[in-house]
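Descriptive analysis of the structure
Here is what each chain is made of, one letter per residue.
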Amino acid sequence: MIIQFICRAILLGVPLLYGSTGEILTEKSGHLNLGIPGTMYVGAISGVVGSFLYENACGNDIANMNPFLAVIIPLVCALVGASLMGLIYCFLTVTLHANQNVTGLALTTLGIGLGNFLGASLINITKSELPSIALTKTSSFFSAKLPFAEKLGWFGELFLSHDFLTYLAIVIAVVATIVLKRTRVGLNLRAVGENPATADAAGINVTKYKYFATCIGSAIAGLGGLQYVMSYASGVWSNNAFGDRGWMAIALVIFALWNPSIAIIGAFAFGALCNANNYIQGLGTETQELFKMLPYVVTIIVLIITSMRKKREYQPPESLGLPYFREER
Amino acid sequence: MTKQSAIELKNITKVFGKVVANKNVNLTAYRGEILSILGENGSGKTTLMNMISGIYFPDEGQIFIDGQEAVIASPKDAFKYKIGMIHQHFKLVDAFSAAENIVLGLNEGKYDLKASTEKIKEISSQYGFEINPEKKIYTMSVSEKQTVEIIKVLYRGADILILDEPTAVLTPQETERLFSILRRMRDDGKCIIIITHKLHEVLSLSDKVAVLRKGEYVGTVITAETNESELTEMMVGKKVSLNIDRSEPVDPVPRLVIKDLDCIDRNGIKILDDISFTANSGEILGIAGIAGSGQRELLEAIAGLQQVQCGEIVYNDPKTGKEENLRNKTPMQIRDLGVRLSFVPEDRLGMGLVGNMDITDNMMLRSYRKGRSVFLERKGPKDLAQHIIEDLEVVTPGASTPVRRLSGGNVQKVLVGREIAAAPTVLMAAYPVRGLDINSSYLIYNLLNEQKKKGVAVIFVGEDLDVLIELCDRIMVIGSGRITGTVDGRTTTKEEIGLLMTKTEQQGEVQDE
């Protein structure tokens with residue numbers, strides 16, 4: 001039961017981990033992208049559209065489907081869809097100096113609207129009775145497990161029974177940490193987010209860094225949406241089922257103190273907190289809703305503690321949310 | 001043997017709009033030599049150095065590095081010629097360590113902080129810096145930050161170093177340490193150019209002094225062959241007559257008495273030290289001094305915007321004859337005491353007016369508390385705005401134009417107009433003519449004179465010594481937060497004030513007339 005609880009927490013946590021790793025990269029370049037929920041949503045629906053088309057092309061017969069293509073097509077679609085969202089955000093905030101908060105919120109609204117539109121359209125095409133699309137065949141490729149995991153008992157279930165996107169999320173988070181902390185690119189990126197004028201004076205191309213960090217960050221966040229549909233929801237898309245996971249990912253950034261490695265633990269902790277209500281007996285519906293607040297309560301507590309400690313390493317990048325005009329020195 | 005010059009400027013001219021920042025400047029600096037560039041505020045020192053370090057590009061003239069003509073179009077070019085500039089305002093990332101800041105933006109192959117740290121330690125021991133490369137910038141003192149900036153430049157291999165007023169933020173001990181480091185660099189064959197306006201530093205540190213005055217190059221002298229008064233004369237030039245009407249003060253009585261005022265700034269450095277003076281009614285008291293000597297803090301302390309460590313600010317109410325101590329009271333409390341204090345701050349759109357609001361709304365900033373209605377009374381301020389526009393000839397499409405859109409001179413007229421309309425008994429103005437053309441400037445001088453005739457105690461902080469001498473009845477000179485002397489505006493000379501401005505140690509007691 002405990003093992004099951006932990007596995008469930010991990011499954012719930014992975015989309016958050018993708019979302020917050022992406023958002024951390026973006027924020028390190030000094031841009032607060034509140035469009036992440038929309039970006040993740042677009043990532044999810046792009047993947048759904050991709051796999052829907054591929055499944056149809058194969059005549060809805062799993063025997064005809066190439067496992068490699070079944071995975072790579074939705075993956076690429078999700079990456080492209082989410083990066084485009086990042087690109088729109090970048091163009092507005094970096095090039096046109098639009099307000100970051102407003103742009104981000106607008107993109108979230110846009111992304112969710114777009115996702116629901118495409119989702120509803122697909123449902124219409126299938127003429128399904130249920131308000132959802134089932135891509136269970138593609139999903140079975142995504143949630144393929146290591147063959148020997150089951151033989152290893154609890155150890156196998158805890159560490160080896162997850163889908164590949166879970167491991168990829170952890171790998172990306174660890175790589176992102178290393179890049180940020182131990183490479184010249186990471187140093188330059190952090191300088192851009194902390195003090196773009198200084199970075200500019202040091203000969204760093206501020207605009208380029210902002211664009212790349214935001215687009216790559218958005219692409220990573222998009223994978224979170226894809227993982228949600230393909231693994232968590234077993235390939236079943238229904239409008240608005242994604243819920244507030246995008247906002248939770250942004251809260252997780254603060255919880256993780258802008259460190260992707262801490263975000264790994266944080267994501268699973270958030271997953272556990274979200275899930276706890278199902279494992280505690282005798283909860284009424286209203287108490288269950290209270291339990292769902294826990295991740296945010298924890299985030300607020302983290303915010304209070306870090307602002308009291310006054311350590312700059314644990315604070316957001318100094319020019320987070322501020323537009324950079326070179327002329328305004 | 002003739003020495004090869006490290007850097008040579010020939011006929012450099014730079015114009016910003018209509019303002020000539022540098023005109024036909026010729027300058028030569030050699031390796032193994034410290035050259036000081038001396039000049040008053042606005043004499044074009046920093047502009048000149050910015051052209052060498054690639055921030056500005058000269059309009060005319062040539063720059064030669066090691067005898068070869070050089071085109072320096074960007075800071076990167078400057079770095080290519082091994083020129084490094086240490087700016088007055090540090091360009092450092094606060095959340096980074098010293099080492100991270102030093103290697104930032106460099107491309108030297110593998111990213112290896114440990115190797116860089118070793119190299120930093122090597123440079124430090126070579127010149128005698130004391131620095132911990134792992135220390136974060138935000139935990140550092142100003143002097144440590146400066147050290148990081150200097151090492152940053154040396155790490156990049158610079159051998160022509162330009163320092164823009166490096167001692168402005170340092171304590172005397174830190175200054176001495178910096179100087180010994182600079183001397184070591186000179187002995188190591190580097191060419192060092194230091195911008196300053198502190199005469200005693202020039203004399204103790206440099207080998208040669210180049211003097212600029214109002215953008216023009218006056219000349220270069222060998223430090224050993226000159227003295228303070230010769231340099232002062234080169235720096236301030238001859239007196240210019242301006243013909244500002246100056247009436248005799250009408251029965252002056254002490255209006256504002258400051259006693260032993262001490263103030264500490266954010267970094268814990270003493271910014272005002274034992275300031276005592278009296279501002280009389282019907283008199284203009286000028287305050288002269290190098291920028292940043294504590295003028296701003298002094299006025300803000302009186303206006304209730306700056307915490308005071310000790311001392312008293314006593315206001316004599318002309319109506320009741322009562323004495324009020326204004327020390328550490330908020331502007332609102334001061335107003336509630338019935339003290340009519342007007343303040344024209346140097347930061348017009350930052351502290352004086354709200355740029356995005358129109359003239360009427362800005363008038364209301366002083367009167368919004370009047371009346372009992374829930375709604376604001378707009379008629380009065382609107383009339384006042386109209387009145388100021390007409391009387392002071394403010395060029396604006398109307399009273400409902402945001403002040404941000406007005407030119408500097410017109411913004412200043414609006415601000416001064418509002419402050420005078422409050423019928424003050426004390427009027428403080430910090431650099432009220434900065435950036436204004438001749439006509440606007442005279443209009444402001446006349447306004448100040450009118451207030452003086454009405455019996456207002458006027459305190460005028462200025463930078464143009466000619467104006468101070470023509471306008472003020474008494475001139476108090478501040479140097480490094482201390483009063484270095486008070487002179488009579490009618491009998492003093494520019495040289496006298498110039499010497500007092502650059503004198504840091506206090507000599508004798510402050511004399512009141």
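About the thresholds
Residues numbered from 1 in each chain as written. Chains lettered and ligands numbered in written order. Predicted model: local features only at pLDDT ≥ 70, side-chain atom pairs only at ≥ 80, totals over all residues. Heavy atoms only, no water. Salt bridge = Lys/Arg side-chain N within 4 Å of Asp/Glu carboxyl O. Buried < 20%, exposed > 50% of the residue type's maximum accessible area, 1.4 Å probe, protein only. Contact = heavy atoms within 4.5 Å. Buried area = accessible area lost by both parts, 1.4 Å probe. Polar contact = N/O pair within 3.5 Å; in protein donor to acceptor, adjacent residues only side chain to side chain. Nonpolar A, V, L, I, M, F, W, Y, C, P; charged D, E, K, R; others polar. Domains from an automatic or database assignment.

1. Some remarks on the pattern of salt bridges
Residues and elements named next belong to chain B. Counted according to the given criterion, the structure contains 26 salt bridges over all chains. Put simply, Glu419 and Arg418 hold a salt bridge, and the shortest N to O gap is 3.1 Å. Classification of Glu419 as buried rests on a relative accessible area of 3%. Assessed through its relative accessible area of 7%, Arg418 is described here as buried.

2. Description of the interface of chain B and chain A
Contacts between chain B and chain A engage 19 residues on the former and 19 residues on the latter. Between chain B and chain A, roughly 1800 Å² of surface is buried when both sides are summed, and carbon and sulfur atoms account for 59% of that area. Across the chain B-chain A interface, the total number found is one salt bridge. Here A:Arg190 and B:Glu100 are joined by a salt bridge, their closest N and O atoms 3.1 Å apart. In this structure, the connection of chain B to chain A is made through three residue pairs in polar contact (both at pLDDT 80 or more). Within the side of chain B that touches chain A, the residues separate by chemical class into nine nonpolar, three polar and seven charged.

3. Remarks on the domain arrangement of chain B
Residue and element names in this part refer to chain B. Domain boundaries in chain B define domain 1 (5-236), domain 2 (246-340 + 423-513) and domain 3 (351-422). Each of domain 2 and domain 3 has a C-alpha centre, and these two points are 25 Å apart. Facing 19 residues of domain 2, the contacting portion of domain 3 comprises 15 residues. Summed over both partners, the interface of domain 2 with domain 3 buries about 1300 Å², with 64% contributed by carbon and sulfur atoms. Area buried by domain 2 at its contact with domain 3 is led by Arg335, Leu443 and Leu447, which between them contribute 31% of it.

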